[in-house]
Amino acid sequence: GDSVTQMEGPVTLSEEAFLTINCTYTATGYPSLFWYVQYPGEGLQLLLKATKADDKGSNKGFEATYRKETTSFHLEKGSVQVSDSAVYFCALSASNSGYALNFGKGTSLLVTP
Amino acid sequence: DTAVSQTPKYLVTQMGNDKSIKCEQNLGHDTMYWYKQDSKKFLKIMFSYNNKELIINETVPNRFSPKSPDKAHLNLHINSLELGDSAVYFCASSQEGPRGNGYTFGSGTRLTVV
């Protein structure tokens, strides 16, 4: 079945450092790809998405590009802030799973001043 | 004006009890979902309903029974609660067709079974 694999956390960075969180997927069809963010004690918020190959999603300085050839959707940000500390989830949705979101295990990010 | 609202936010109960979690969305979405987040933050789909019809029913104990009285509501009833049911349960809804582009999540219900 479809699956999403994310790099294990926790990731600890200093403020203004460059962030990369790796995400790869396995899917039989043509999924849509997403990054969600969960701040402490809160629900999930959509950070960005891409619905087809070579699409780039971007929001709040975060970017991710849908790479079909490497089945990847890595999340990047050039300069992280303390307020970016959260858990980040990569996810896909596809027709063979009823379009439900299939999540990776999440990567915890801690940004220190 | 909360888009997807769940109640209660916190639920502490004893093993063997029966409890319900309610979810309502005011976005006019056709599809609603229940997800379970375990202690390691792993999120897994449990159920989805499209316009009151059950679409997804993952491998979930039959002690869990979703009920959708209308497309704006999807409640989750849990019988004979067990310690392993302790988790955060998220309701969500989506529109823009079936591709999940318009997912909105509730703020979660933290269930603790003692």
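Below or above, wherever it landed, is the structure these notes cover. (Residues numbered from 1 in each chain as written. Chains lettered and ligands numbered in written order. Predicted model: local features only at pLDDT ≥ 70, side-chain atom pairs only at ≥ 80, totals over all residues. Heavy atoms only, no water.)

1. What to know about the layout of surface pockets
Residue and element names in this part refer to chain B.
Alright, step 1. Quantified by volume, the largest pocket comes out at close to 310 Å³.
Alright, step 2. If you trace the largest pocket, you find 19 residues lining it, with Gln 37, Lys 41, Val 88, Phe 90 and Arg 110 closest to the centre.
Alright, step 3. Secondary-structure elements contributing two or more residues to the lining of the largest pocket are strand E9 (87-94) and strand E11 (109-113).
Alright, step 4. For the lining of the largest pocket, the element with the highest residue contribution is E11, accounting for 4 residues.
Alright, step 5. Here the residues of the lining of the largest pocket sort into 5 nonpolar, 9 polar and 5 charged.
Alright, step 6. In this structure, the second largest pocket encloses a volume near 250 Å³. (1 Å grid on protein atoms, 1.4 Å probe; cavity = no way out; pocket = protein on both sides within 12 Å on 5 of 7 lines; lining within 4 Å. Points joined across faces, edges and corners; volume = space filled by probe spheres on them. Helix = DSSP H or I, 4+ residues; strand = E, 2+ residues; numbered from the N terminus. Nonpolar A, V, L, I, M, F, W, Y, C, P; charged D, E, K, R; others polar.)

2. Digging into unusual backbone geometry
Alright, step 1. Going from Gly9(A) to Pro10(A), the amide bond is cis rather than trans, its omega being -5 degrees.
Alright, step 2. Mapped onto the elements, Pro10(A) comes out in the loop between strand E1 (3-6) and strand E2 (11-14).
Alright, step 3. Omega for the bond connecting Thr7(B) with Pro8(B) falls within 30 degrees of zero, at -5 degrees, which places this linkage in the cis form.
Alright, step 4. Here Pro8(B) is to be found in the loop between strand E1 (4-7) and strand E2 (10-13).
Alright, step 5. Even without a glycine there, the phi angle at Glu16(A) is positive, about 75 degrees.
Alright, step 6. Here Glu16(A) lies in the loop between E2 and strand E3 (19-21).
Alright, step 7. Of the residues examined, Glu16(A) reaches a relative accessible area of 60% and is grouped as exposed. (Buried < 20%, exposed > 50% of the residue type's maximum accessible area, 1.4 Å probe, protein only.)

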